[in-house]
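Geometric and topological summary
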Amino acid sequence: MDKVTALIDGSTYSSAVCDNAAWIASRTGAEIELLHVLEHRETVAGQVNLSGNIALGARTALLNELSELDARRARVAQKLGWAILEDAQARIAAQDDSLRVRTRLRIGNVVETVNAQEAESDLVIVGKRGEAANFETLELGSNLERVARASNRPAFVSAREFRPIARVLISFDGGSSSLKAVDYVSRSTLFSGLECHVAMAGSGRPQEVRALTQACAQLEAGSFKVTSHVVQGDAGDVISRAVEESRIDLLIMGAFSHSRLRSMILWSTTRGVLMRCQIPIVLIH
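The shown structure was predicted, so the numbers you read here are calculated from the model rather than taken from an experiment.

1. A closer look at helix α7 (residues 206-221)
Here α7 is 16 residues long and its end C-alpha atoms lie 22 Å apart, about the 22 Å a rise of 1.5 Å per residue gives. Taken together, the buried positions of α7 are E208, L212, A215, C216 and L219. Taken down its axis, α7 places every buried residue within 95 degrees of arc, on the same side. Turned more than 90 degrees off the buried face of α7, the exposed positions are P206, Q214 and A221. Turning to α7, the residues buried within the fold contact β6 (167-171), α6 (176-187), β7 (195-201) and β8 (226-231). Looking one or two places after α7, you find S223, whose phi comes out positive at around 75 degrees.

2. A word on the packing of aromatic side chains
When we look at a pair of aromatic rings, we describe it by the centre distance and by the angle of the planes. Using the criterion set out here, one finds 1 aromatic pair in the structure. Relative to F191, the ring of Y184 has its centre 5.7 Å away and its plane inclined at 70 degrees; by these criteria the two rings are edge-to-face.

3. Some remarks on the packing of α6 against α7
The contact between α6 and α7 brings their axes to 8 Å, and the two run at 15 degrees. Judged by the inter-axis angle, α6 sits roughly parallel to α7. As α6 packs across α7, the resulting crossing turns out to be right-handed. Only A215, Q218 and L219 of α7 make contact with α6, whose side of the interface consists of V182, D183, V185 and S186. Classifying every residue of the contact of α6 with α7 gives 4 nonpolar, 2 polar and 1 charged.

4. Describing the sheet that holds strand β3 (residues 101-107)
Across the sheet, 10 strands lie side by side as β3-β2-β1-β4-β5-β10-β9-β6-β7-β8; this open sheet has mixed pairing. In this open sheet, the two edge strands, each paired with only one partner strand, are β3 and β8. Ignoring strand direction, the axes of neighbouring strands in this sheet form an average angle of 20 degrees. The pairing of strand β4 (residues 123-127) with strand β5 (residues 155-158) spans 4 bridges and is parallel. Paired with V124 across the bridge in β5 is A155. Each of β1 (3-7), β2 (31-38), β3 and β4 is contacted by helix α4 (residues 110-117), which is oriented at about 155 degrees to β2, the strand it contacts most. Relative to the sheet, α6 contacts β4, β6, β9 (250-254) and β10 (281-284), its axis offset from that of β10 by approximately 120 degrees.

5. Let's talk about the environment of I170
Its location among the elements puts I170 in strand β6. For I170, a relative accessible area of 0% puts it in the buried group. The sequence separation of I170 and A199 amounts to 29 residues, and the corresponding C-alpha distance is 6.3 Å. Ignoring any residue separated from it by four or fewer positions in sequence, one finds I170 in contact with A181, V182, V185, C196, H197, V198, A199, L219 and I252.

The rules behind the values
Residues numbered from 1 in each chain as written. Predicted model: local features only at pLDDT ≥ 70, side-chain atom pairs only at ≥ 80, totals over all residues. Heavy atoms only, no water. Helix = DSSP H or I, 4+ residues; strand = E, 2+ residues; numbered from the N terminus. Expected span 1.5 Å × (residues − 1). Buried < 20%, exposed > 50% of the residue type's maximum accessible area, 1.4 Å probe, protein only. Arc of directions from axis to C-beta. Contact = heavy atoms within 4.5 Å. Phe/Tyr/Trp six-rings, centres within 6.5 Å; stacked < 30°, edge-to-face > 60°. Axes fitted to C-alpha atoms, helices over the stretch in contact; angles between N-to-C directions. Parallel < 35°, antiparallel > 145°, perpendicular 65-115°, else oblique. Left-handed = near helix turned anticlockwise from the far one by under 90°. Nonpolar A, V, L, I, M, F, W, Y, C, P; charged D, E, K, R; others polar. Pairing = 2+ DSSP bridges.

This is the structure in structure tokens:
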């Protein structure tokens, strides 16, 4: 792993994003890119109707004043963005000043910006919720699904608080994205030495057992000691229960597929798990 991109927005989750980025970099030697995106907003002048009985000279003066106000707001937003990035960089340096960290401020659409930057990254880290999150409803952040869907890289979804990671769980259903999740864990130094669990929602049919056995064998070939679970029930319930009962610190699961219908089903399960589980989750395409 050469570089990870961490999306920083100044929300409560940004601190945990930084802590997870530091943990990942310390285990892989990757460079951390802290990215703050200022999304385009309509100008104040564009939101105000200056037609009607206002004289031409007055309209022109008001438009000029609104334009200046909009420019001042943009400058303040950029200063705030750089301040957020500096604080994030300082937080990581306080944990390990040997880690390589760089900051980047961009103006534009979050999804387009991430897509443009991720060609150089191996992993995108994003908070489960952003600065506009409604913690009472526990709804997911507005950018999370957009970024996770659009990104071609694994997405590391940070929980609200960081905690040391010792046990990982792979959600397995035998599909292509879960096979990729197994391959990703077995090959990455990020997970080396961690306790590994694999959970499958199923009835124990021969083909399910066969697929799970092969997945565990691949992980064991990667020097993991593996504990597997096959449990009847809804996939979201099985995963959430396994996370709690096995005291899992990090969940890895396939979230999207080339099939539109399967992708909708996978995301429905993933969304429920994201809302219920209070641990970070790595989403694999």
